[in-house]
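Geometric and topological summary
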Amino acid sequence: MSGFQPTERTQVNRLPKRGHYDRETVYGILDTAFVCHVGFSVDGQPYVIPTNFGRREDTLYLHGSTASRMLKTLGAGVPVCVAVTLVDGLVLARSAFHHSVNYRSVVILGTARLVLDPAEKMEALRIFTDHIMKGRWDDVRQPTEQELKATTVLALPLEEVSAKVRTGGPVDDEPDYALPVWAGVLPLEVAVKEPIPDAQRRNDPPVPEYMKNYARPK
Ligand SMILES: Cc1cc2nc3c(=O)[nH]c(=O)nc-3n(C[C@H](O)[C@H](O)[C@H](O)COP(=O)(O)OP(=O)(O)OC[C@H]3O[C@@H](n4cnc5c(N)ncnc54)[C@H](O)[C@@H]3O)c2cc1C
């Protein structure tokens, strides 16, 4: 897999060795995450809105109500910045200054396009749904014409993209290694708990197989 070309805007400046532009790293982060933060400006006011997304190859799909300001704004061609963050651990150093976080993150710059073609729109919704829970789309009622009309889908091409990754333990100042302070990493991950069946259920289908061992791809 070839890499993304760093641009003046996506060149990681601080600790550039943590910057990555290869598709394997970028896709890995995007496919593990399912929440992104979408930044755009309206009348000089920046907004950053959390939302879900899906990905296929070099396209990120966003969706929501046709009434959504975010989707209306981006659909009109306003430039967007999307950030995706995974927190892998808390890095505890011997000094306050050197505390850190192990993370994997991606920043995407670009301009989204409205997905108008009905087949692409339906496929984007499948990608979006299965991105969050693989296998869900085939299990559920498909969107009606009316539901599709009420839904905007946007496609953001992955062109100007960077990833940044921090791994490993704390990096302390040499004299601080002698301090009697616990130092190391507290690993963190998304925890799956017992499913809670809907209180309004009219029947009792079994917990789907795809949910039983739910885990985000690593
Ligand atoms: C994990 C997650 C996933 C989501 N997935 C989707 C999705 O796939 N599609 C979708 O359309 N929406 C999603 N949302 C909701 C999304 O964040 C917006 O609330 C929603 O898009 C409404 O947009 P709007 O245009 O009505 O908001 P706006 O009219 O733009 O919002 C007006 C103001 O409301 C406040 N506001 C709006 N949203 C939030 C928020 N989430 N938290 C705090 N304040 C807020 C802000 O002050 C904002 O300026 C998700 C939210 C979360 C947290």
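Cut-offs and rules
Residues numbered from 1 in each chain as written. Predicted model: local features only at pLDDT ≥ 70, side-chain atom pairs only at ≥ 80, totals over all residues. Heavy atoms only, no water. Helix = DSSP H or I, 4+ residues; strand = E, 2+ residues; numbered from the N terminus. Buried < 20%, exposed > 50% of the residue type's maximum accessible area, 1.4 Å probe, protein only. Contact = heavy atoms within 4.5 Å. Areas by Shrake-Rupley, 256 points an atom, 1.4 Å probe, with all protein chains shown as cover. Lys, Arg positive; Asp, Glu negative; His and termini not counted. Charge placed at Lys NZ, Arg CZ, Asp CG, Glu CD. Patch = residues over 30% accessible without salt bridge, like charges linked within 9 Å, V, L, I, M, F, W, Y side chains within 5 Å. Salt bridge = Lys/Arg side-chain N within 4 Å of Asp/Glu carboxyl O. Expected span 1.5 Å × (residues − 1). Pairing = 2+ DSSP bridges. Near = heavy atom within 4 Å. Nonpolar A, V, L, I, M, F, W, Y, C, P; charged D, E, K, R; others polar. Axes fitted to C-alpha atoms, helices over the stretch in contact; angles between N-to-C directions. Disulfide = S-S within 2.5 Å.

Some words on the overall build of the protein chain
- When its secondary structure is counted, the protein chain shows 6 helices and 11 strands.
- Judged by the C-alpha coordinates and their principal axes, the protein chain covers about 65 × 45 × 35 Å.
- Counting the 218 residues in the protein chain, one finds 37% classified as buried.
- Counted over contacts in the protein chain with a minimum sequence separation of 6, partners at least 24 positions apart contribute 71%.
- Carbon and sulfur atoms form 56% of the exposed surface of the protein chain, whose accessible area is close to 13,500 Å².
- Of the charged side chains in the protein chain, 26 are positive and 27 negative; the average position of the first set lies 3 Å away from that of the second.

Comments concerning a nonpolar patch on the surface
- A surface patch of nonpolar side chains, amounting to about 360 Å² of accessible area, comprises Val 87, Leu 90, Val 101, Leu 186 and Leu 188.
- Secondary-structure assignment places Val 101 in strand β7 (residues 100–110).

Some thoughts on helix α3 (residues 118–132)
- The terminal C-alpha atoms of α3 lie 22 Å apart, and with 15 residues this matches the ideal 21 Å at 1.5 Å per residue to within 8%.
- Considered for burial, the residues of α3 that qualify are Glu 120, Lys 121, Ala 124, Leu 125, Ile 127, Phe 128, Asp 130 and His 131.

Considerations on the pairing of strand β3 (residues 45–52)
- Bridging between strand β2 (residues 35–42) and β3 involves 8 bridges; their strand directions are antiparallel. Paired with Cys 36 across the bridge in β3 is Thr 51.
- Between the antiparallel neighbours β2 and β3 lie 2 residues, among them Asp 43 with a positive phi of about 50°.

With respect to the pattern of salt bridges
- With the rule as written, the count across this model stands at 14 salt bridges.
- Residue Arg 113 is joined to Glu 120 by a salt bridge in which the shortest nitrogen-to-oxygen separation is 2.8 Å.
- Each of Arg 56, Glu 123, Arg 126 and Asp 130 takes part in salt bridges that share partners, so that together they form one network.

A closer look at the environment of Ala 93
- Here Ala 93 is to be found in the loop between β6 (80–92) and β7.
- In this structure Ala 93 comes out as buried when scored by relative accessible area, which is 2%.
- Discounting residues that sit within four places of it in the chain, Ala 93 has contacts with His 98, His 99, Pro 170, Asp 172, Val 181, Trp 182 and Ala 183.

Quick notes on the site of the ligand
- Lining the immediate environment of the ligand, one finds Val 35, Tyr 47, Ile 49, Pro 50, Thr 51, Asn 52, His 63, Gly 64, Ser 68, Arg 69, Met 70 and Phe 128.
- In isolation the ligand exposes 860 Å². Once the protein is present, 48% of that is buried.
- Going through the elements one at a time, β3, β5 (59–65) and α2 (69–75) are the ones with two or more residues in the shell around the ligand.
- It is β3 that provides the largest number of residues to the shell around the ligand, a total of 5 residues.
- Looking at side-chain class alone, the shell around the ligand contains 6 nonpolar, 5 polar and 1 charged residues.

Examining the sheet that holds β5
- Overall, antiparallel pairing links the 4 strands, which are arranged β4-β5-β9-β8 in an open sheet. The open sheet terminates on both sides in strands that have one partner only, identified here as β4 (54–56) and β8 (113–114).
- Across the face of the sheet, α3 comes into contact with β4, β5, β8 and β9 (151–157) while running at roughly 115° to β4.

Examining the state of the cysteines
- Scanning the model with the defined rule gives 0 disulfides in all.
- We note that Cys 81 lacks a disulfide partner, and the nearest cysteine sulfur, in Cys 36, lies 10 Å from it.
- Assessed through its relative accessible area of 30%, Cys 81 is described here as partly exposed.

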